[in-house]
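# Structural characterization, general
Residues per chain are reported as follows:
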Amino acid sequence: MDAESLSRNPSQVSWISFSRHLILAYQSFGVVYGDLSTSPLYVYKNTFIGKLEKHQNPDAIFGAFSLIFWTLTLIPLIKYVLIVLSAADNGEGGTFALYSLLCRHAKLSLLPNQQAADEELSAYKCGQYPSSSPLKRFIEKHRKLRIALLTVVLVGACMVIGDGVLTPVISVTSSVSGLEAAHSNLAQGEVLVISCVILVGLFALQHVGTHRLAFAFAPIVLIWLVSIFFIGLYNTIHWNPKIISAISPHYIITFFKETGTDGWISLGGVLLSITGTEAMFADLGHFTAMSIRLAFITIVYPCLVVQYMGQAAFLSKNISSIPNSFYDSIPDPVFWPVFIIATLAAIVASQAIITATFSIIKQCHALGCFPRIKVVHTSKHIYGQIYIPEINWILMILTLAIAIGFQDTTLVGNAYGLACMTVMFITTFLMALVTMFVWQRSVFFAAAFLIFFWFIEGLYLSAAIFKIPQGGWISLLLSFIFLVVMFVWHYGTRRKYNFDLHNKVSLKWLLGLGPSLGIVRVPGIGLVYSELATGVPAIFSHFVTNLPAFHNVVVFVCMKSVPVPFVSPEERFLIGRICPRPYRMYRCIVRYGYKDIQRDDGNFEDILIQSIAEFIQMEAVDPQLSSSDSTSLDGRMAVISTRTAQSSSSLVVSAHDSTGSSNSIKSSKSLTLQSLQSAYVDENPQLLTHQVRFQLPSTPGLNPSVREELLDLIQAKEAGVAYIMGHSYVKARRSSSFLKKVIIDIGYSFLRKNCRGPSVALNIPHISLIEVGMIYYV
């Protein structure tokens, strides 16, 4: 159906849009709601174990259900579904999305090498409004406040990582505990072994990617929700229909009057009913706000309310069943089918949070707050599904250690609740800032939002904090460990960047050397990698000083992150010139969003050459880009669309399956190096598919200087491409404090030695890599 016919029938357009939301809503069950929907397995048990044991009576159970109902209504339904989902960052959600929004609407970003050109990105400008809030100016003025804001965001990220460890433990262990209810003679150790086997299998299959099992996830959670709905409805009618009256907040007041301080402490168990709520916002990028709202309001919310109501009705007549409330409340004829579905749903819930943990760590790395890691894109069709091997096995070891060490879902639940509520507390704070700085609402509106939800969440958070000695400490310990890693890496990386910034090579010095730079210029292209977006890095002068030879064409490459979720291919490359035209020196800045994946497509060299060729022709016709050879130092840069560069007529591209250098062009590689490269290609035959050859187009009237420069570029590409990177050793100055020496010489050095090398993280071919050793005294 064409666009014209659709435009004539608006009702058909709305139906297609609605059907798309329905499909996405169906798919969201398997990704978003696995954790939230499995909470009935352990909520009542965790609520009534502890000091509330002496208040195990029907009135207390009615009050507990009333608390659960209003908690589900106020936080997931009103706060997240109606308000927070509206704060999407170009369709993306989560803590980093809120921070990204704030950084674009206020000068809060601490990312290095940011440029004015970044603000011209289409994603950057989306929804941007001017603001003159006094609070905004105050935060922008004080760097310590901006550091504190980033720290708050990272604490939230660390708590989500903690969820990635705790969710598999409590979900799988709680579901498998049904075996104890079915077979009272089954030892706890045997149940633990079964749980550990499932956990090991779960992490061992992560490398396959969730996309291969995604078609089964949504039906599992949907069947689970429908099952607990009818079980809850049956228990309500069969055991105690009067439980419906507990929806009234009056029962909450009665509950606290009777239980007092013990009731307040029990809130640490009640809050487990909303664990997984943050996933609705964090996974927004895979769906739409409308689809997530549709799924929650029509299916998830009613099913959970009826299930909690049914459990409360059952417990009001069977007080002794509180330790295993969910499985005891299941009618015998459907016990085993529900047990199987519960186990599968727990695995889905664990899978969703593990995938979210990979995504969070990838975003921390983009902010320069996490060591380099290997990111594997597990799906060619579903963008954003990634796998990080190192993190996967670390999570598995921590998960097994907690499962074996605690052997009690109550203790794990205390840690789990503290982590989840801390994330919600931080989200409320960031949402208040977004309300003022992004939505341009009044300070009073933002303060009302903050005070209302902080009061509610503060009650739950204080109860969770009270349970730190009873297992809550594990979430604090996990978050502290990851936060220390992030701080050490961020501190060391920024000190290294500042060293590069203050030790840049003077461009006037390069101009004084002349086009030859006072060294031998050999055929080929040298790609010099650096974090600097302006100037010439110190490794370049260090290289040519010790080895006075370099390639005919020099390109300074900077891979950097910008505070947007994704950068489109049309805007990814910034190309510019360094020094006058005869120097043949260029700069290329490659920009990525915090959720972008640097894929190993194998054609980076070809895209780079085409982009530079496009820039050379643009420069010839655009007077703003061209400049006098005598005055040019570090010229203006232009955005080069990779698609435009590939389809333009700057160069003629022909397929070429040979990896050897052209016979007609002199190569900078010796015969020995060429034979080594040939052997390398024999071991990696997939490289043959990435070879192309460039030729000058037969365009009449092409400027002679442009033709000469393009020919030099083609000949340099045929001669070979070398990647030059700094192999740095970062050390603290002798005059540094003892703490700084510990952070740099021990902590940062340890992380650098045990993380992925920059060449591996950037997918640089080993055969073409040249590393320049340098010592940084920071």
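Up top you'll find the structure we're talking about.
In this report, we go over the structure that sits alongside the text. (Residues numbered from 1 in each chain as written. Predicted model: local features only at pLDDT ≥ 70, side-chain atom pairs only at ≥ 80, totals over all residues. Heavy atoms only, no water.)

### Points about the environment of Ser350
- Looking at the element boundaries, Ser350 is found in helix H18 (residues 335-366).
- A relative accessible area of 0% places Ser350 in the buried class.
- Discounting residues that sit within four places of it in the chain, Ser350 has contacts with Thr167, Pro168, Ser171, Val172 and Leu202. (Helix = DSSP H or I, 4+ residues; strand = E, 2+ residues; numbered from the N terminus. Buried < 20%, exposed > 50% of the residue type's maximum accessible area, 1.4 Å probe, protein only. Contact = heavy atoms within 4.5 Å.)

### Comments concerning a nonpolar patch on the surface
- Among the surface-exposed residues, Trp473, Leu477, Phe480, Ile481 and Val484 lie close enough to one another that they form a single nonpolar patch of about 460 Å² accessible area.
- Looking at where Leu477 falls in the secondary structure, it is placed in helix H22 (residues 468-502).
- Residue Leu477 is classed as partly exposed on the basis of its relative accessible area, which comes to 39%. (Patch = residues over 30% accessible without salt bridge, like charges linked within 9 Å, V, L, I, M, F, W, Y side chains within 5 Å. Areas by Shrake-Rupley, 256 points an atom, 1.4 Å probe, with all protein chains shown as cover. Salt bridge = Lys/Arg side-chain N within 4 Å of Asp/Glu carboxyl O.)

### As for the packing of aromatic side chains
- Counted under the stated rule, the structure contains 31 aromatic pairs.
- Arranged with centres 5.8 Å apart and planes meeting at 40 degrees, the rings of Phe62 and Tyr251 form a pair that is tilted. In this pair, Phe62 sits in helix H5 (residues 58-83) while Tyr251 sits in helix H13 (residues 250-259), placing the two residues 189 residues apart along the sequence.
- For Tyr251, a relative accessible area of 24% translates into the label partly exposed.
- Ring pairs connect the aromatic residues Trp224, Phe326, Tyr327, Phe335, Trp336 and Phe339, which therefore count as one cluster. (Phe/Tyr/Trp six-rings, centres within 6.5 Å; stacked < 30°, edge-to-face > 60°.)

### Side note on helix H19 (residues 389-406)
- Between its first and last C-alpha atoms H19 spans 26 Å; for 18 residues at 1.5 Å apiece the expected length is 26 Å, and the two agree.
- If you check which residues of H19 are buried, you get Pro389, Ile391, Asn392, Leu395, Met396, Thr399, Leu400, Ile402, Ala403 and Phe406. All buried residues of H19 lie within an arc of 165 degrees about the axis, which places them on one face of the element. Residues of H19 that are exposed and point more than 90 degrees away from the buried face comprise Ile397 and Gly405.
- At the C-terminal side of H19, Gln407 shows a positive phi close to 55 degrees. (Expected span 1.5 Å × (residues − 1). Arc of directions from axis to C-beta.)

### Things to note about the pattern of salt bridges
- Counted under the stated rule, the structure contains 14 salt bridges.
- The shortest N-O distance in the salt bridge between Glu605 and Lys717 comes to 4.0 Å. Within this pair, whereas Glu605 is found in helix H25 (residues 604-621), its partner Lys717 is found in helix H28 (residues 704-719), the two being separated by 112 residues in sequence.
- Under the relative-accessibility criterion, Lys717 is labelled buried at 10%.
- Taken together, the salt bridges that share partners define one network made up of Arg577, Arg581, Glu619 and Glu709.

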